[in-house]
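Observations on chain architecture
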Amino acid sequence: MKLLVPVKRVVDYNVKVRVKADQTGVETANVKMSMNPFDEIAVEEAVRLKEKGTVTEIVAVSIGPTAAQEQIRTALAMGADRGILIEVDGIVEPLAVAKLLKAVVEKETPGLVILGKQAIDDDMNATGQMLAALLGWGQGTFASKLELTADSATVTREVDGGLETVTLKLPAIVTTDLRLNEPRYASLPNIMKARKKPIETMKPADLGVDAAPRLTTLKVEEPPKRIAGKKVGSVAELVDKLRNEAKVI
Ligand code: AMP
């Protein structure tokens, strides 16, 4: 079975994000960029399934600038077999990403697409669901466990207050949650090998998709600074402050 894993280039999760001076977005110039952490989990899961023998080929796809090749190379170094880069500069909204991925799915006919549950830059948590809707496929989102057979996927989902298990008929969409696995670090020999793996490059027009944004960002602002807390000496003092200063009780 072939597996498709979309990987997004995002600001590294260790970086303290700064808003651009003109408030149009966040600063990405000279900022460390990495693969979205949930997508690393998706690649790891795909590689484990390949190691088990259920999966025969893993294709990593990224939609973004030319530099997103770096994130595809990371996926290749972790164990993906080949990459597809759809070159787009600027913001690509989940609906456009989902339409582009649908076009790739139609070309590649994978048995399963594993995405991250959300991209840590836009926090949309939408692309996997939109892709499932566009394709008319079943979806198992927020997966903390995945079992694959030749024609079905059983997904344990992290839901409020517990776990839900669903079985999906393949082909299907799965999105990863944090507890699914712990991604491996690529070894140096694998990083070297990944340099030789192929990456195909295309543009949205090659897939007949209009990737232009539909939303306009009016303004991006830093969250308000948190004011310092106060230590209280007793429960009575706490109640007094809540009643007379904060006026919340
Ligand atoms: P989002 O809906 O934006 O929170 O993203 C959810 C998931 O969709 C991510 O974890 C990726 O797996 C995938 N995705 C979103 N945007 C892109 C992109 N530009 N390139 C590749 N995959 C993406």
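Quantities reported herein were computed from a predicted structural model and do not represent experimental measurements.

Parameters and conventions
Residues numbered from 1 in each chain as written. Predicted model: local features only at pLDDT ≥ 70, side-chain atom pairs only at ≥ 80, totals over all residues. Heavy atoms only, no water. Core = buried A, V, L, I, M, F, W, Y, C linked by side-chain atoms within 4.5 Å. Buried < 20%, exposed > 50% of the residue type's maximum accessible area, 1.4 Å probe, protein only. Helix = DSSP H or I, 4+ residues; strand = E, 2+ residues; numbered from the N terminus. Contact = heavy atoms within 4.5 Å. Axes fitted to C-alpha atoms, helices over the stretch in contact; angles between N-to-C directions. Parallel < 35°, antiparallel > 145°, perpendicular 65-115°, else oblique. Left-handed = near helix turned anticlockwise from the far one by under 90°. Near = heavy atom within 4 Å. Polar contact = N/O pair within 3.5 Å; in protein donor to acceptor, adjacent residues only side chain to side chain. Lys, Arg positive; Asp, Glu negative; His and termini not counted. Salt bridge = Lys/Arg side-chain N within 4 Å of Asp/Glu carboxyl O. UniProt positions renumbered as here; feature names shortened; annotations may be inferred. Pairing = 2+ DSSP bridges. Expected span 1.5 Å × (residues − 1).

1. A few points about the nonpolar core
- Among the nonpolar cores identified, the biggest contains 36 residues, and Leu-3, Leu-112 and Leu-146 are the most heavily contacted of them.
- Only β1 (2-6), α1 (37-52), β4 (57-64), α2 (69-78), β6 (112-116), β7 (138-148), β8 (152-159) and β10 (172-176) provide two or more residues apiece to this core.
- Among the elements that line this core, the one with the most residues is α1, at 7 residues.
- What Leu-112 contacts, discounting residues up to four positions off in sequence, is Met-1, Lys-2, Leu-3, Leu-4, Leu-146, Leu-148, Ala-153, Leu-170, Ala-172 and Val-174.
- Within the second largest apolar cluster, 27 residues are counted, among which are Leu-4, Leu-101, Met-202 and Leu-207.

2. What about the packing of helix α3 (residues 94-108) against helix α4 (residues 127-135)?
- Running from amino to carboxyl end, α3 crosses α4 at an angle of 50°, the nearest separation of the two axes being 9 Å. By the angle class used here, α3 and α4 are oblique. The interaxial crossing formed by α3 with α4 has right-handed handedness. Here Pro-94, Leu-95, Val-97, Ala-98, Lys-99, Leu-101, Lys-102 and Val-105 of α3 lie close against α4, whose contacting residues are Thr-127, Met-130, Leu-131, Leu-134 and Leu-135.

3. So, the site of the ligand
- In the neighbourhood of the ligand, 18 residues make up the surrounding shell, with Asp-39, Ile-63, Ala-119, Asn-125 and Thr-127 lying closest.
- Within the backbone of Gly-116, one N or O atom sits 3.0 Å away from an oxygen atom of the ligand.
- Within the contact set of the ligand, an oxygen atom lies 3.0 Å away from a side-chain nitrogen or oxygen of Asp-122.
- When contributions to the shell around the ligand are tallied by element, the ones reaching two or more residues are β4 and β6.

4. Structural notes on the side chain of Asp-39
- Topologically, Asp-39 is positioned in helix α1.
- Despite its burial, Asp-39 remains without a salt bridge, the nearest opposite charge being carried by Lys-8 at 8.0 Å.
- Within the structure, the side chain of Asp-39 is placed 2.8 Å from the backbone nitrogen of Lys-8, a separation counted as a polar contact.
- Once residues within four sequence positions are removed from consideration, Asp-39 is found in contact with Val-5, Pro-6, Val-7, Lys-8 and Gly-116.

5. Focus: the UniProt feature "domain: Electron transfer flavoprotein alpha/beta-subunit N-terminal" (unreviewed entry) in the protein chain
- According to UniProt, the feature "domain: Electron transfer flavoprotein alpha/beta-subunit N-terminal" (unreviewed entry) maps to residues 23-211 in the numbering used here.
- Taken end to end, residues 23-211 is 30% helix and 31% strand, and its first and last C-alpha atoms sit 23 Å apart.

6. Structural notes on the environment of Ala-46
- Relative to the elements of secondary structure, Ala-46 occurs in helix α1.
- Residues Ala-46 and Thr-109, 63 residues apart in the sequence, show an inter-C-alpha distance of 16 Å.
- Filtering out sequence-adjacent residues up to four positions away, Ala-46 remains in contact with Leu-3, Val-5, Ile-58 and Ile-114.

7. Regarding unusual backbone geometry
- Cis peptide bonds are those with omega within 30 degrees of zero, and the linkage from Leu-170 to Pro-171 qualifies with 0°.
- If you trace the backbone, Pro-171 turns up in the loop between β9 (162-169) and β10.
- In the Ramachandran plot, Asn-125 falls in the positive-phi region, its phi being about 55° despite a non-glycine side chain.

8. Points about the pairing of β1
- With respect to burial, β1 is a largely interior element, 5 of its 5 residues being buried.
- Alternating residues of β1 divide into Lys-2, Leu-4 and Pro-6 and Leu-3 and Val-5, and every residue in both groups is buried.
- Where β1 meets β6, 2 bridges bridge the pair, whose relative direction is parallel. Of the residues in β6, the one forming a bridge with Leu-4 is Val-113.

9. Things to note about α3
- The first and last C-alpha atoms of α3 sit 20 Å apart over 15 residues, in line with the 21 Å expected at 1.5 Å per residue.
- Looking at α3, one finds that the buried residues are Pro-94, Ala-96, Val-97, Ala-98, Leu-100, Leu-101, Ala-103, Val-104, Val-105 and Glu-108.
- Of the surrounding elements, those touching the buried residues of α3 are β1, β4, β5 (82-87), β6 and α4.
- Following α3 by one or two positions, Thr-109 adopts a phi angle in the positive range, close to 45°.

10. What to know about the sheet that holds β8
- The strand order β9-β8-β7-β10-β6-β1-β4-β5-β11 describes an open sheet built from 9 strands, whose pairing is mixed. The two strands at the open ends of the sheet, each matched to only one other strand, are β9 and β11 (199-202). Taking each pair of neighbouring strands and ignoring which way they run, the sheet shows an average axis angle of 35°.
- Strand direction decides the pairing type here: β8 and β9, joined by 8 bridges, are antiparallel. Paired with Glu-158 across the strands is Leu-163, a residue of β9.
- Contacts between α4 and the sheet are confined to β6, β7 and β10, with β10 contributing the most and set at about 175° to the helix.

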